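Structure at a glance
These are the residues of each chain, in order.
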Number of protein chains: 4
Amino acid sequence: MQPAPAWSVSRWFNADAAPTLETLRGRVVFLHAFQMLCPGCVQHAVPQSLKVAAAFADAELSVIGLHAVFEHHAVMGPDALQVYLHENRIRYPVAVDAYRDDDPTRHPLPLTMQAYAMQGTPTLMLIDRRGRLRRQQFGLVDDLRLGAEIATLLAEPA
Amino acid sequence: MQPAPAWSVSRWFNADAAPTLETLRGRVVFLHAFQMLCPGCVQHAVPQSLKVAAAFADAELSVIGLHAVFEHHAVMGPDALQVYLHENRIRYPVAVDAYRDDDPTRHPLPLTMQAYAMQGTPTLMLIDRRGRLRRQQFGLVDDLRLGAEIATLLAEPA
Amino acid sequence: MQPAPAWSVSRWFNADAAPTLETLRGRVVFLHAFQMLCPGCVQHAVPQSLKVAAAFADAELSVIGLHAVFEHHAVMGPDALQVYLHENRIRYPVAVDAYRDDDPTRHPLPLTMQAYAMQGTPTLMLIDRRGRLRRQQFGLVDDLRLGAEIATLLAEPA
Amino acid sequence: MQPAPAWSVSRWFNADAAPTLETLRGRVVFLHAFQMLCPGCVQHAVPQSLKVAAAFADAELSVIGLHAVFEHHAVMGPDALQVYLHENRIRYPVAVDAYRDDDPTRHPLPLTMQAYAMQGTPTLMLIDRRGRLRRQQFGLVDDLRLGAEIATLLAEPA
């Protein structure tokens, strides 16, 4: 099983100290990549992530959002994202996926998206207590199966 | 029954000629006010409006969106709205509710919102063939009742 | 447009006087055929019929159920139906579709089902104020379109 | 933690050999009590149980239905249940909760229902690999939490 690739983040919201895979070691991580103007994200994946955060509030699970913008950059910048998080009452940490500073062509995919070879948004990822990427799914996932997958990882020793 | 107040529009999308209550006379108008970052709009009211547009595609009904921004103006401008309409495949005309040019304080409510005394977003309005405001509802409306209300107005003579 | 075929009823529930197409003339009739052990009926069509009855409680609409049993007769008899109506709080009139008394073979389809050439259950039918069958649909119908169809018939003169 | 009470069964469906808590030892048991004419069971709990059976088809989970009839006995007998199971494509084992043979008053609650002190239907119970009752819930349970609870028990050693 492969270790989860490191995250490249240009800015964090809802986080005093920037979370990393190292600081989260020992916990299960529910990482969900989204774009604030992607209909499937807004209508399904983000509400599901909020539900996950509530259902596992007392568990050793960290919910992390990744704003993985690969289109329409001008209108999905950090200011817009901040409003989106506020309006949707998202209180868990959200990272803005980064671009290479020296990329004059502004490659269409941000760096974390590339590192995980994501196909689009929404994508959900489950990372186990030992930092390994155990599940990556583009599109929607059923609540019953998602609950089971999270609990299975939570039941593993750290 | 009161005539529907005129619309104050700073910009139209998906419209060659600006629709007005006068040019729409003879048709029933389903006008829905929304903000592109309002969760209730995005998750419920806009999908319902798309469904109305599809269900009544062959009827004498005009579906009109009104982007009634009263908060977070910086990130809900016309460029952002254009992306939102594209991503959600909204092809019916959408108006941007206007502010008074000479309003140095930028009053919190745009002009059409004020004229209709709307309480927030989403708000749906039904205007009959004679241009009268027959229904205004803040919040969500059930599909069964909405279908009935639209059909009742369509059945009235022009 | 054809007149709605007459109903053949072996027993009524929730009705003091047996409704007929003649006594209902002048009203719109929402007739829904179901079987109490048909999953699509129980999970979707019957809840929708209860919703129709509530939404149009003040309108000139009569909601009528037709228990059209064409299989498993032994366990969907009138006693079982009475419990079903009670448990689901169905208070509108429900007719038990009849078999010919002299039919030794017990033809697989009851008489009203035959007269309307229904393909199965659930089936919904809309009959206009003049007693004409305007719509017949096997399977599920969307709330928005159903509300519109009912209201269209209600708007016609008696 | 208490051991799950034994089941009192007058008849099994979909089972060659009668399952018992002893024969199921080592597996997690999802036991759901229902009545075939209880609306909450038919519309929510039974469809959810079918979903659980499909989602955990490859896991060491046994889904067991318990037809716990405490009202309207005449119309929810084994013949009616057999039709219900057939129409809903329920293929996992279903037990008919038993009454005491020598109970002339036909006590209103069948024996398994009494032993578990169930409050009504639907009720779901989760029994762990060691035969202990770990969860009992009257009413509806959310898919996300249910999936997590099942997976948590599956992760425990036998």
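All of the points below concern the structure found in this document. (Residues numbered from 1 in each chain as written. Chains lettered and ligands numbered in written order. Predicted model: local features only at pLDDT ≥ 70, side-chain atom pairs only at ≥ 80, totals over all residues. Heavy atoms only, no water.)

**Things to note about the packing of helix 1 (residues 39–55) of chain A against helix 4 (residues 143–154) of chain A**
Residue and element names in this part refer to chain A. The N-to-C vectors of helix 1 and helix 4 enclose an angle of 45°; their axes lie 12 Å apart at closest approach. The angle between helix 1 and helix 4 places the two elements in the oblique class. Viewed along their axes, helix 1 and helix 4 form a crossing whose handedness is right-handed. For the pair helix 1 and helix 4, contact is made by Q48, K51 and V52 and by D143, L146 and I150, respectively. In terms of residue class, the contact of helix 1 with helix 4 is made up of three nonpolar, one polar and two charged. (Axes fitted to C-alpha atoms, helices over the stretch in contact; angles between N-to-C directions. Helix = DSSP H or I, 4+ residues; strand = E, 2+ residues; numbered from the N terminus. Parallel < 35°, antiparallel > 145°, perpendicular 65-115°, else oblique. Left-handed = near helix turned anticlockwise from the far one by under 90°. Contact = heavy atoms within 4.5 Å. Nonpolar A, V, L, I, M, F, W, Y, C, P; charged D, E, K, R; others polar.)

**Description of the sheet that holds strand 6 (residues 133–138) of chain C**
Note: strands within a sheet are paired through backbone hydrogen bonds, in either parallel or antiparallel orientation. All names here are of chain C. Reading across the sheet, the six strands line up as 1-4-3-2-5-6 and stay open at both edges, with mixed pairing between neighbours. In this open sheet, the two strands that pair with only one neighbour each are strand 1 (9–13) and strand 6. Averaged over all pairs of adjacent strands, the angle between their axes in this sheet comes to 20°, without regard to strand direction. Judged from the five bridges that link them, strand 5 (residues 123–127) and strand 6 form a sheet pairing that is antiparallel. Each residue of the ladder has a partner; that of L124, found in strand 6, is Q137. Sheet strands touched by helix 1 (residues 39–55): strand 2 (28–34), strand 3 (61–67) and strand 5. Its angle to strand 2, the strand with the most contacts, is close to 160°. Contacts between helix 2 (residues 78–87) and the sheet are confined to strand 1, strand 2, strand 3 and strand 4 (94–97), with strand 1 contributing the most and set at about 30° to the helix. (Pairing = 2+ DSSP bridges.)

**Some points on the sheet that holds strand 4 (residues 94–97) of chain B**
Residues and elements named next belong to chain B. Across the sheet, which stays open at both edges, the six strands sit in the order 1-4-3-2-5-6 with mixed pairing between neighbours. Two strands lie at the open edges of the sheet, namely strand 1 (9–13) and strand 6 (133–138), each paired on one side alone. Going from strand to strand, the sheet's axes swing by 20° on average, the running direction of each strand aside. Relative to strand 5 (residues 123–127), strand 2 (residues 28–34) runs antiparallel, the two being bridged by five bridges. Residue pairing in the sheet places F30 in a bridge with L126 of strand 5. In the packing of helix 1 (residues 39–55) onto the sheet, the strands contacted are strand 2, strand 3 (61–67) and strand 5, and the crossing angle to strand 2 comes to about 160°.

**Observations regarding the interface of chain B and chain A**
In this assembly, 16 residues from chain B lie in contact with 16 residues from chain A. Here chain B packs against chain A, burying approximately 1400 Å² in sum over the two surfaces, 68% of which is carbon and sulfur. Summed over the shared surface of chain B and chain A, the result is zero salt bridges. Inspection of the region where chain B meets chain A yields two residue pairs in polar contact (both at pLDDT 80 or more). Elements with a minimum of two residues in the side of chain B that touches chain A: helix 1 and helix 2 (78–87) of chain B. Considering each element in turn, the side of chain B that touches chain A owes the most residues, six residues, to helix 2 of chain B. Of the residues in the side of chain B that touches chain A, the class split is nine nonpolar, four polar and three charged. (Buried area = accessible area lost by both parts, 1.4 Å probe. Salt bridge = Lys/Arg side-chain N within 4 Å of Asp/Glu carboxyl O. Polar contact = N/O pair within 3.5 Å; in protein donor to acceptor, adjacent residues only side chain to side chain.)

**Topic: the relation of the copies chain C and chain D**
Taken as rigid bodies, chain C and chain D are interconverted by a rotation of 180° and an axial shift of 0.0 Å, the fit giving an RMSD of 0.0 Å. What the superposition gives is, in effect, a two-fold axis relating one chain to the other. Within chain C, the C-alpha atom positioned nearest to the axis of rotation is that of Q43 of chain C, 2.6 Å from it. Of the interface residues in chain C, 100% have counterparts in chain D that sit at the interface too, so the contact is made through matching surfaces. (Least-squares fit on C-alpha atoms with pLDDT ≥ 70 in both.)

**Focus on the relation of the copies chain B and chain A**
By a simple turn and slide, chain B fits onto chain A: the slide is 0.0 Å along the axis, the RMSD is 0.0 Å, and the turn is 180°. Comparing interface residues between copies, 100% of those in chain B also lie at the interface in chain A; the contact surface is shared.

**Section: the interface of chain C and chain D**
Each partner contributes to the interface: chain C provides 16 residues, whereas chain D provides 16 residues. For the pair chain C and chain D, the number of links is zero salt bridges. Counting across the chain C and chain D interface gives two residue pairs in polar contact (both at pLDDT 80 or more). Of all the secondary-structure elements, those providing two or more residues to the side of chain C that touches chain D are helix 1 and helix 2 of chain C. In terms of residue count, helix 2 of chain C provides more of the side of chain C that touches chain D than any other element does, six residues in total.

**Brief notes about the side chain of S62 of chain A**
Residue and element names in this part refer to chain A. With respect to the helices and strands, the residue S62 is situated in strand 3 (residues 61–67). The exposure class assigned to S62 is buried, which follows from its relative accessible area of 11%. Sequence-distant contacts of S62, defined by excluding residues within four places in its chain, comprise L24, R27, V28, V29 and F30. (Buried < 20%, exposed > 50% of the residue type's maximum accessible area, 1.4 Å probe, protein only.)

**What to know about the nonpolar core**
Counting 144 residues, the largest nonpolar core has Y84 of chain A, Y84 of chain B, Y84 of chain C together with Y84 of chain D as the members making the most contacts within it. Y84 of chain A has contacts with F34, M36, V42, V46 and I90 of chain A together with L37 of chain B, leaving out every residue within four places of it along the chain. (Core = buried A, V, L, I, M, F, W, Y, C linked by side-chain atoms within 4.5 Å.)

**So, the pattern of salt bridges**
Oppositely charged side chains may form a pair once their charged atoms are brought near each other. Under the counting rule described, the total for this entry stands at 28 salt bridges over all chains. We note a salt bridge from D128 of chain C to R132 of chain C, for which the minimum N-O separation is 2.8 Å. A single burial state applies to D128 of chain C and to R132 of chain C, both of which are buried. Each of D128, R132, R134 and E156 of chain A takes part in a single network of salt bridges with overlapping partners.

**Comments concerning the state of the cysteines**
Residues and elements named next belong to chain C. Inspection of every chain in the model, using the stated rule, returns four disulfides over all chains. Note on cysteine connectivity: C38 is disulfide-linked to C41, with sulfurs 2.4 Å apart. Residues C38 and C41 are joined by a disulfide whose S-S torsion is about 80°; by sign, that bridge is right-handed. The same class applies to C38 and to C41, which are both buried. (Disulfide = S-S within 2.5 Å.)

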